[in-house]
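As a plain string of letters, each chain reads:
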Amino acid sequence: MKLKIPSANPKAEIEELKVEINQAINSVLDSGKYILGKECETFEQEFADYNGVKYGCGVSSGTAAIHLALKALGIKTGDEVITVSHTAVATTAAIEMTGAKPIFVDISPDTFTLDPNKISELISNKTKAIIPVHIYGHPADMDPIMEIAKHNKLYVLEDCAQAHGALYKGKKVGSIGDIAAYSFYPTKNLGAIGDGGIILTSNFGYFEKLKMLREYGWKNRYISEIHGFNSRLDEIQAAILRVKLRYLDSNNFRRHEIAKKYKKLLSPFVLTPIEKQNCFHAFHLYVIQHPKRDLLQKFLFTKGVGSLVHYPEPIHLQPLYSSSERLDLPITEKIKSQILSIPMYPQLKDIEIEVVVSSIMEFFDDFKT
Ligand SMILES: Cc1ncc(COP(=O)(O)O)c(C=O)c1O
């Protein structure tokens, strides 16, 4: 069945900007330079400026961004990196690509982000870094995280894959830790039409190393000085991202309008997400909670309303990790059967919001009878 209202709709934004995007693509085609050219360099600077950070290094995906950021920090086999289990598996896959071990910490029940109170008990002499994930677009509580990191001489890598444009105490996420990783997966608040990512930092040393890491360890072409990878952001993606970056703020504003409507109308029925004081939520996803989540999701499907679960299984309970020691992550485990991401994208029309809301209301009405 074709959904009337999908949970995400990257094509809708492309349609809106088709003229500008086609121009951007054609200009790359005419340039004759398709990898690491003017578009990538300009986008890197524009995105760094947008976030109040000095340098940007475009790479091939968000996973690559986390991996290379960790490599730039010197994370290696035998090290431990503290992060959440309630995230995309990419966060931990990237940690493991360095040879380091992810150490899972529980989340706060209100924002679903890393609980700073639970970090200290997990720090060992192998711990080298903390990766807070600004999950769903809500900033993690960065002040206490930075304080703990400073006290224990740990690096902080912000996973901003879901939080383009989010603010923590007036600062863009990604500008607070030592280094930050973004994904441009098509459905993200800033999405390409394929894979892409960027690493942001204000540290020139990390930036220099990142540029080498993304291209075979080269400083000078064809001459490898360190172990490197092939992980470059191509010119067409960069050109499209430059167009879409101009609309990121207005799109995030629209996401907020939608969130406000959802909150007002849905609060009597389900638990709705909060936005903490001093934070600007990027509302990449709008995640409601209810114990009857599975039935609600099935019902919405029959109404043509899409929804997804981010994520159905926390990482530490997935088959790859299930044989490891039993972990104490009660909040992470509690929410997994209750969370539901309902349609959220800037092009969602008011009439469609009404359909989503009335379908949810109908589900609860049916339940009463
Ligand atoms: C929190 C988080 N981290 C990392 C990633 C990885 O990004 P990508 O899919 O671009 O590799 C994603 C994207 O799915 C994500 O949501």
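Residues numbered from 1 in each chain as written. Predicted model: local features only at pLDDT ≥ 70, side-chain atom pairs only at ≥ 80, totals over all residues.

Comments concerning the overall build of the chain
Within the chain, the regular secondary structure consists of twelve helices and 14 strands. Over its C-alpha trace the chain gives a radius of gyration of 21 Å, about what one expects of a compact globule, namely 21 Å for 369 residues. Counting only C-alpha atoms, the chain reaches 70 × 55 × 35 Å along its principal axes. For the chain, restricting intrachain contacts to residue pairs at least 6 apart in sequence, the fraction spanning at least 24 positions comes to 69%. (Helix = DSSP H or I, 4+ residues; strand = E, 2+ residues; numbered from the N terminus. Rg over C-alpha atoms; globule rule 2.2 N^0.38 Å. Contact = placed C-beta atoms within 7 Å.)

Side note on the domain arrangement of the chain
Under the domain assignment used here, the chain contains domain 1 (10–105 + 112–245) and domain 2 (248–368). Computed from C-alpha atoms alone, the centre-to-centre distance between domain 1 and domain 2 is 25 Å. Across the boundary between the two partners, domain 1 contributes 27 residues, which contact 25 residues of domain 2. Among the secondary structure elements, those contributing two or more residues to the side of domain 1 that touches domain 2 are helix H1 (10–16), helix H5 (89–97), strand E6 (167–168) and helix H8 (235–245). Tallying contributions element by element places H1 first for the side of domain 1 that touches domain 2, with three residues. (Domains from an automatic or database assignment.)

Quick look at helix H2 (residues 18–31)
Taking 1.5 Å per residue, 14 residues should reach 20 Å; H2 reaches 20 Å between its end C-alpha atoms and fits that length. Looking one or two residues past H2, glycine 32 carries a phi angle of roughly 80°, positive in sign. (Expected span 1.5 Å × (residues − 1).)

So, the pairing of strand E5 (residues 155–159)
E5 sits mainly inside the fold: five of its five residues count as buried. The pairing of strand E4 (residues 127–131) with E5 spans two bridges and is classified as parallel. Its bridge partner lying in E5, isoleucine 130 is registered against valine 156. What joins E4 to E5 is helix H6 (residues 142–151), and the crossover it makes is right-handed. In this structure, E5 lies alongside strand E8 (residues 179–183), joined through three bridges in parallel fashion. Residue pairing in the sheet places leucine 157 in a bridge with isoleucine 179 of E8. (Buried ≥ 20, exposed ≤ 12 C-beta atoms within 10 Å, placed from the backbone. Pairing = 2+ DSSP bridges. Right-handed = clockwise from strand over helix to strand, strands pointing away.)

As for the environment of valine 305
One can find valine 305 in the loop between helix H10 (293–302) and helix H11 (330–335). Expressed as a C-alpha distance, the spacing of valine 305 and leucine 295, which sit ten residues apart in the sequence, is 13 Å. Sequence-distant contacts of valine 305, that is, excluding residues within four places in its chain, are made with Leu3, Lys4, Ile5, Leu300, Pro343, Val355, Val356 and Ser359.

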